[in-house]
Amino acid sequence: MPEPTLPPAIRVQGLTKRFGGVTALDGVDFTVPAGHTVALLGGNGAGKTTTISILLGLLLPTAGKVEVLGQDMLRERYRVLPRMNFSSPYVDLPHRLTVEENLTVYAHLYGLTGHKRRIRALAEELDLVPLLNRPSGGLSAGQKTRVALAKALLNEPELLLLDEPTASLDPDTADWIRTYLERFRVRTGATILLASHNMAEVERLCHTVLMMKKGRVVDQGTPTDLLARYGRGNLEDVFLDIARDRRAAAE
Ligand SMILES: Nc1ncnc2c1ncn2[C@@H]1O[C@H](COP(=O)(O)OP(=O)(O)OP(=O)(O)O)[C@@H](O)[C@H]1O
């Protein structure tokens, strides 16, 4: 179970991001307790990727506070970044490098010592040993996802940000990844924030759901709370209620 004394893994307050005339985030507030898995849900353009990019220090907010692992991300990002990582099926690794070469490049970038042992251990855990000498470009979607996850776990992150961790995977491979992520969180006590369009995945993995719409968090709660509040049997219907402006039954 998470340590009650740990600071929240993420705390954002009044987070606002404008791209010229487009307001991508419009005063977002949320907290992610350490050791939890939290989903960021919302339709296309809701602001999920912008939120994750700010948490990763890739974008600066127009306004607002961002604390990650107890540190001010805007001032202390070089202290925080080594303690976190990110994986997305939409970010490809260099195609010509083998899986092992790619993981080695990242291990060097992260300044890891003992990286050979770490890569070997991750390759065994993620069933990548037969792929280590294969060029990354020729891998299947499921294999690429496992390699991207290995890359994201190289530095043993305390906070793992995931963008659609099982997008375009067959149900069996997707289930394998979800089981792995659940075990990883329980074993290490890490925090996971994931953006997903897969409601079954969110119901299974997440303690809390943050529902985003037009750059705001418009509702949040445990999957069970949200189902009860909207009087629905599954999160997909809750998602549709929110997307179509149907109010929670309890309101
Ligand atoms: N670099 C940018 N320049 C201009 N507008 C941007 C930029 N990045 C994002 N936006 C806009 O900000 C809004 C939020 O985009 P964002 O990518 O965060 O949404 P999302 O929830 O991740 O959507 P999706 O589910 O489609 O990935 C959208 O209106 C988008 O067009």
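Shown above is the structure to which this text applies.
Residues numbered from 1 in each chain as written. Predicted model: local features only at pLDDT ≥ 70, side-chain atom pairs only at ≥ 80, totals over all residues. Heavy atoms only, no water.

A. Quick look at the overall build of the chain. Helix and strand content of the chain: nine helices and 10 strands. Taking 2.2 N^0.38 as the reference for a compact globule, 251 residues should give roughly 18 Å; the C-alpha atoms of the chain span a radius of gyration of 18 Å, in line with that estimate. Expressed along its principal axes, the backbone C-alpha trace of the chain runs to roughly 55 × 40 × 40 Å. Sorting the 251 residues of the chain into buried and exposed places 50% on the buried side. Considering only residue pairs separated by 6 or more positions, the chain has 63% of its internal contacts joining residues 24 or more positions apart. (Helix = DSSP H or I, 4+ residues; strand = E, 2+ residues; numbered from the N terminus. Rg over C-alpha atoms; globule rule 2.2 N^0.38 Å. Buried < 20%, exposed > 50% of the residue type's maximum accessible area, 1.4 Å probe, protein only. Contact = heavy atoms within 4.5 Å.)

B. Spotlight on the packing of aromatic side chains. Inspection of the entire model under this criterion finds two aromatic pairs. The ring of F19 has K17 lying over it, and the distance from NZ or CZ to the ring centre is 5.3 Å. Between R146 and the ring centre of W176, over which it is positioned, the NZ or CZ distance is 6.0 Å. (Phe/Tyr/Trp six-rings, centres within 6.5 Å; stacked < 30°, edge-to-face > 60°. Lys NZ or Arg CZ within 6 Å of the ring centre and 35° of its normal.)

C. Highlighting the layout of surface pockets. In this model, the largest pocket occupies a volume close to 520 Å³. Lining the largest pocket are 19 residues, with L56, N85, F86, Y110 and K151 positioned closest to its centre. Broken down by secondary-structure element, the contributors of at least two residues to the lining of the largest pocket are β6 (84–87), α3 (99–109) and α5 (141–153). Considering only enclosed or pocket space, the second largest pocket measures out at about 310 Å³ in volume. Listing elements by their share of the lining of the second largest pocket, those giving two or more residues are α4 (115–125) and α6 (171–188). Considering every element that reaches the lining of the second largest pocket, the biggest residue donor is α6, with four residues. Here the lining of the second largest pocket is composed, by residue class, of 12 nonpolar, four polar and six charged. (1 Å grid on protein atoms, 1.4 Å probe; cavity = no way out; pocket = protein on both sides within 12 Å on 5 of 7 lines; lining within 4 Å. Points joined across faces, edges and corners; volume = space filled by probe spheres on them. Nonpolar A, V, L, I, M, F, W, Y, C, P; charged D, E, K, R; others polar.)

D. Structural detail: the packing of α5 against α6. α6 packs onto α5 with a crossing angle of 15 degrees between their chain directions and a minimal axis gap of 10 Å. The pairing of α5 with α6 is recorded here as roughly parallel in orientation. Crossing angle aside, the handedness with which α5 passes α6 is right-handed. Here G142, T145, R146, L149 and L153 of α5 lie close against α6, whose contacting residues are T173, W176, I177, Y180, L181 and F184. (Axes fitted to C-alpha atoms, helices over the stretch in contact; angles between N-to-C directions. Parallel < 35°, antiparallel > 145°, perpendicular 65-115°, else oblique. Left-handed = near helix turned anticlockwise from the far one by under 90°.)

Everything listed here is a matter of coordinates, which is why it stays silent on function.
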